[in-house]
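Chains, contacts and geometry: an overview
The primary structure of each chain is shown beneath.
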Amino acid sequence: MVNVGGSEQTSGRAKAPFPEKREYTKPFPCPTVLDWGNKIMKLKAIFAVVAAVTLVPLAAHAGTLTNVDITLSNTVVSSPTSVTMSYTTATTLTGGTNNNNLLRAVLTGVTFGAASCGPNLVVTADGTNINSRLNFCQTFGAGGIQLRLAPGETISAGAEIEVTLASSVVTTGAAPGVYPVSFFFTATDGGAAIDSPAVTPGVTLVSTPPAPVPTLSDWAVISLGLLLAGGAALTIQQRRFA
């Protein structure tokens, strides 16, 4: 800029811009060994919480049913038969909770008619009838059955359960053979297994009944005993005279 006659005039050169003000930025501090140690401790705490949540025992597959047995009163094909299913629980079950199914099972080799808790379907725990403690007690499909505890009812671990279906509602299959169950377990409310047997149970059907074993009547046994006693007495007497 030039002063001419008391006035300022701008020269042809451009005025150099004033450099912008720059703020000072503090460099990112390098973490110390102590900082890394604190971070590792926090990570360990987080992993411990995650592990604790992950390792909470689930209801499914909690144990093994023991003393599992399925017995037919008649194993001949195409015949009426009663069915007795027995087992010992491994996990406590309580109605109204997630663990509430005393039994969910589907048998093969037999066909169930419609039955609910009553004369044709009896359930016992440790020898006591518990039909009234079930709010669902029903056969379904060809060989299915479900037993569910009513809210507030509890069956302890180690209880001996017996389920009996009358011959009026069960018929054996048409072909002889060995028929394992499709499934057999105590279950959650959603149907997932809780306790199941280590070995899959089943039933065996035959084409003809086994041949009867000859037996003696009570009177025949008594008569045979008297005959043997008389023969022994006669033999002893003859030896004395000899």
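Here's a quick rundown of the structure. The model shown is predicted, which means the values in this text are computed figures rather than measured ones. (Residues numbered from 1 in each chain as written. Predicted model: local features only at pLDDT ≥ 70, side-chain atom pairs only at ≥ 80, totals over all residues. Heavy atoms only, no water.)

1. Quick look at the sheet that holds strand β6 (residues 101-106)
Read from one edge of the open sheet, four strands run β10-β11-β6-β16, paired in antiparallel fashion. Sheet topology places β10 (134-140) and β16 (183-187) at the edges, where each strand pairs with a single neighbour. Between one strand axis and the next, the sheet turns by 10° as a mean value, whatever way the strands run. Bridge analysis of β6 against β16 gives four bridges, and the strand direction is antiparallel. Across the sheet, the residue bridging to R104 is F185, located in β16. (Pairing = 2+ DSSP bridges. Helix = DSSP H or I, 4+ residues; strand = E, 2+ residues; numbered from the N terminus. Axes fitted to C-alpha atoms, helices over the stretch in contact; angles between N-to-C directions.)

2. Things to note about the side chain of N131
Looking at the element boundaries, N131 is found in the loop between β9 (128-129) and β10. Its relative accessible area of 13% is what places N131 among the buried residues. For N131, the contacting residues outside a window of four places in its chain are C117, G118, L121, V122 and V123. (Buried < 20%, exposed > 50% of the residue type's maximum accessible area, 1.4 Å probe, protein only. Contact = heavy atoms within 4.5 Å.)

3. Details of the sheet that holds strand β3 (residues 63-72)
On the basis of which strands lie adjacent, the open sheet formed by six strands has the order β9-β8-β13-β4-β3-β17 and mixed pairing. The open sheet has two free edges, formed respectively by β9 and β17 (195-197), since each of these has just one partner strand. Note: strand β8 (residues 121-125) against strand β13 (residues 160-165), five bridges, orientation antiparallel. Note on β13: the bridge partner recorded for V122 is T164.

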